[in-house]
Amino acid sequence: MREEQEKAENRASMQDLWRVTQGQRLKYLLAIGAMAITNICMFSAPIVGGHAIDVITLQDFAHADQLLLSAGEWLFEEVTFVGYLWLAALVSLLITGVGGVFLYVRGRLAALASESITRRTRESLYQKLHDVRSDFYDGEDTGDLVQRCSSDLETLRVFLASDIVEIGRAIMLIVCVLPVLFLIHVPLAFWSICLMPLLVIGAYIFFSRVKDVFLVTDESEGAMTATLQENLTGIRVVRAFARQEHETSKFGVKNAEFRDNNRRLINLMGIYWPVSDLIAMSQIGIVLFAGAHFVIGGSLTIGDLFIFLTCEGMVIWPVRQLGRVLTDSGKAVISLGRIDHINQARIEDSGFTPTSGRALGHIKSEGLCFSFDPDNKVLEDFSIEIAAGETLGIVGPPGSGKTSFVRCLLKLYPYQAGSLCLDGHEVSSLSRLWLRRQIGVVLQDPFLYSRSIGENLAIGRSKAGIAEIESACRQAAIFDAIEGFPDQFDERVGERGVTLSGGQRQRLALARALLKDAPVMVLDDSLSAVDTNTEKEILAALEARKGRQTTLIVAHRLSSLASADRIAVLDQGRLVQLGSHRELSGQPGMYRRLCQIQGALDDQIQQDITDSALDGSAST
């Protein structure tokens, strides 16, 4: 069963390699053709040299190459032994030079093909990572994905750059050179291949072992990279909790695992190369001693022995290199499998693009059901209708489904049942690009690029004028803060906006969404990090925009919902209350309890401030 599975995996791997080379196969064929010419030249040179040796040692032009002898007679009136030797050396040098030119052509063609494939694959992976469904990232480590797109791709590039042609070269040499050796001297030809089966079998065994070890090594390197990436991303949390020693120890464990696995890989190579060298040198030694015996017996000339020894070296070393080639091919197969893990991931549905262009912003949900797994329903029978231009507040305890509704609306996750429509179009059937252009989103923990403030704002609308940018920043209450920076809109904010405070990041993300001016605006607890006065200023700006776009405000702080036309109260994935602030606060239910809790909390905070002020006055 295991053997059949391995055979199926190997067939699939070969098919994947064949698919990867699409569009570049002609270059590889030409490279193999150039290698064939190189091999012919490299094989012809020792033949010319062998004839020259026989002519000199036997002092007999009967052993001379007739074409070379005719060329010598045409150049010189009389060909001497020394002249023939110089002419043979010159021809051998010329043949070797031609072989070198075609060797360069082979290398260039293979390099061009491999680099083109690598670039195309890298861009394809990058595009695929943008197109896969959001739930793909739920089970993946960012560092491991980076490993698949960098180190694994480099392993594949190395294989494509040299090893494919090397395999063709080894096969070509064996097929072309061995028949010639048998034509020259059959017994010595048999002696010249007696140890080659050991090299081939050893290479196969080595390939079988190293393939599994490389998979473990590559995965351990991915785990180490993921740990490093995670720690660098959260370095401030590590420092805030004084966890440097713990995290360093954690990384040390991953690093040690990678070292140990890599050591196993190196140990296997350390065994293979000396053993294969011993077999290859023994094979050459056998040819030398057996050839000397046949020379003494008179059945073989010294020149033919020279040809045998030279051709033996031309064949034995490529066969010995099959171990390395098979090793690299094993690594390439593993790396290609890890790359295909990304390629096989399900992508988001494309959907259709409405002809209306800009959406109106009418949202309607009927019996919406959503869950990450069958046993854990996040939204259940959720129904609501939001008019175009309406401002809806959404409130509820953690895990009640507020953010999940936003994710379904953005088509980040597919809902399992029910209906969710934008302007009468089912969200699941809409083009994700068109849909997301209609929605401006501000998340609780907004992501900012390590670029300037202006570049981060341009993500909302790249062609916005300076007046529009300043207006959006004023509405988001971030303009004064930007004016206070040395470089203002050219100020770099660092990775994930690290140089800004939490409130500044949220306000900058809000300005970015306002600049987009989409027909639907979603604020997912996006004012949680701003102070009360700033919140009032932002809410007043949003109030002035009322009616221009449909606005969904997800919040825990009820003050953020003061300007909402209606408020939806969620609990355990269900809509339990719906109405205005005045209506809901006046009737028993969850919203009223939330008002009482937050009201009591605000009163306590105000009382603490007053008491602190009185204590300060008394002490004065």
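Residues numbered from 1 in each chain as written. Predicted model: local features only at pLDDT ≥ 70, side-chain atom pairs only at ≥ 80, totals over all residues. Heavy atoms only, no water.

(A) Summary view of the overall build of the chain. Within the chain, the secondary structure is distributed over 21 helices and 10 strands. The buried share of the chain, taken over its 620 residues, is 44%. Long-range contacts, defined here as pairs at least 24 residues apart, represent 76% of the contacts in the chain between residues at least 6 apart. Accessible area for the chain stands at about 32200 Å²; split by element, carbon and sulfur atoms hold 59% of it. (Helix = DSSP H or I, 4+ residues; strand = E, 2+ residues; numbered from the N terminus. Buried < 20%, exposed > 50% of the residue type's maximum accessible area, 1.4 Å probe, protein only. Contact = heavy atoms within 4.5 Å. Areas by Shrake-Rupley, 256 points an atom, 1.4 Å probe, with all protein chains shown as cover.)

(B) Expanded view of the side chain of Gln549. With respect to the secondary-structure elements, Gln549 resides in the loop between helix H19 (532–544) and strand E8 (550–554). For Gln549, a relative accessible area of 4% translates into the label buried. At 2.5 Å, the side chain of Gln549 forms a polar contact with the backbone oxygen of Ala518. Look past the residues within four positions of Gln549 in its chain and what remains in contact with it is Gly389, Glu390, Asp517, Ala518, Pro519, Val520 and Met521. (Polar contact = N/O pair within 3.5 Å; in protein donor to acceptor, adjacent residues only side chain to side chain.)

(C) View of the pairing of strand E1 (residues 363–373). As paired elements, E1 and strand E2 (residues 376–386) share seven bridges and run antiparallel to each other. The partner of Ser371 across the bridge, within E2, is Lys377. Summarising the sheet, E1 and strand E4 (residues 417–422) pair through five bridges and their orientation is antiparallel. Paired with Lys364 across the bridge in E4 is Cys421. (Pairing = 2+ DSSP bridges.)

(D) Summary view of the sheet that holds strand E6 (residues 439–442). With respect to topology, six strands assemble into an open sheet ordered E6-E7-E8-E3-E9-E10, the strand pairing being mixed. Since the sheet does not close on itself, it has two edges, and those belong to E6 and strand E10 (574–579), each with one partner. Strand-to-strand, the axes of this sheet are offset by a mean angle of 15°, without reference to chain direction. Across four bridges, strand E3 (residues 391–395) lies against strand E9 (residues 566–571) in parallel orientation. Counted as the bridge partner of Gly393 is Ile567 from E9. (Axes fitted to C-alpha atoms, helices over the stretch in contact; angles between N-to-C directions.)

(E) Inspection of a nonpolar patch on the surface at higher detail. On the surface, Leu26, Leu29 and Leu30 cluster together into a nonpolar patch covering about 330 Å² of accessible area. Relative to the elements of secondary structure, Leu30 occurs in helix H2 (residues 25–58). By relative accessible area, which is 46% here, Leu30 ends up partly exposed. (Patch = residues over 30% accessible without salt bridge, like charges linked within 9 Å, V, L, I, M, F, W, Y side chains within 5 Å. Salt bridge = Lys/Arg side-chain N within 4 Å of Asp/Glu carboxyl O.)

(F) Structural view of the packing of helix H16 (residues 466–475) against helix H18 (residues 502–516). For the pair H16 and H18, the least separation of the axes is 8 Å and the interaxial angle reads 130°. By the angle class used here, H16 and H18 are oblique. H18 is crossed by H16, and the crossing has right-handed handedness. Judged by residue contacts, Glu468, Ile469, Ala472, Cys473 and Gln475 of H16 engage Ala511, Leu514 and Leu515 from H18. Residues of the contact of H16 with H18, tallied by class, amount to six nonpolar, one polar and one charged. (Parallel < 35°, antiparallel > 145°, perpendicular 65-115°, else oblique. Left-handed = near helix turned anticlockwise from the far one by under 90°. Nonpolar A, V, L, I, M, F, W, Y, C, P; charged D, E, K, R; others polar.)

(G) Representation of unusual backbone geometry in the model. A positive phi angle, near 65°, is found at Lys411, a position not held by glycine. Looking at the element boundaries, Lys411 is found in the loop between helix H13 (402–409) and E4. With a phi angle near 55°, Asp517 is a residue other than glycine that sits in the positive phi range. Within the secondary structure, Asp517 sits in the loop between H18 and strand E7 (520–524).

(H) Geometry of the sheet that holds E2. Taken together, four strands build an open sheet; the order of strands is E2-E1-E4-E5 and the sheet is antiparallel. Looking at strand neighbours, the two that pair on one side only are E2 and strand E5 (425–426), the edges of this open sheet. The sheet strands contacting H13 are E1, E2 and E4, and the helix crosses E1 at an angle near 110°.

(I) Here's a closer look at the packing of aromatic side chains. Across all of its chains, the model carries three aromatic pairs by this definition. A ring pair is formed by Phe182 and Phe190, whose centres lie 5.0 Å apart and whose planes are at 85°; its orientation type is edge-to-face. (Phe/Tyr/Trp six-rings, centres within 6.5 Å; stacked < 30°, edge-to-face > 60°.)

(J) Main features of the nonpolar core. Among the nonpolar cores identified, the biggest contains 41 residues, and Ile453, Leu457, Cys473, Phe489, Leu510 and Ile567 are the most heavily contacted of them. Taken together, the elements giving at least two residues each to this core come down to helix H15 (453–458), H16, helix H17 (479–483), H18, E7, H19, E9 and helix H21 (590–619). (Core = buried A, V, L, I, M, F, W, Y, C linked by side-chain atoms within 4.5 Å.)

(K) Spatial organisation of the side chain of Arg338. Note on placement: Arg338 falls in helix H12 (residues 302–343). The class of Arg338 is buried, set by a relative accessible area of 6%. Within the structure, Arg338 has its side chain in polar contact with the side chain of Asp152 (distance 2.6 Å).

(L) Region of interest: H18. The first and last C-alpha atoms of H18 sit 21 Å apart over 15 residues, in line with the 21 Å expected at 1.5 Å per residue. Counted residue by residue, H18 has 12 buried out of 15 residues, so it is predominantly covered. What H18 keeps buried is the set Gly503, Gln504, Gln506, Arg507, Leu508, Ala509, Leu510, Ala511, Arg512, Ala513, Leu514 and Leu515. Where H18 is buried, its residues touch E6, H15, H16, H17, E7 and H19. (Expected span 1.5 Å × (residues − 1).)

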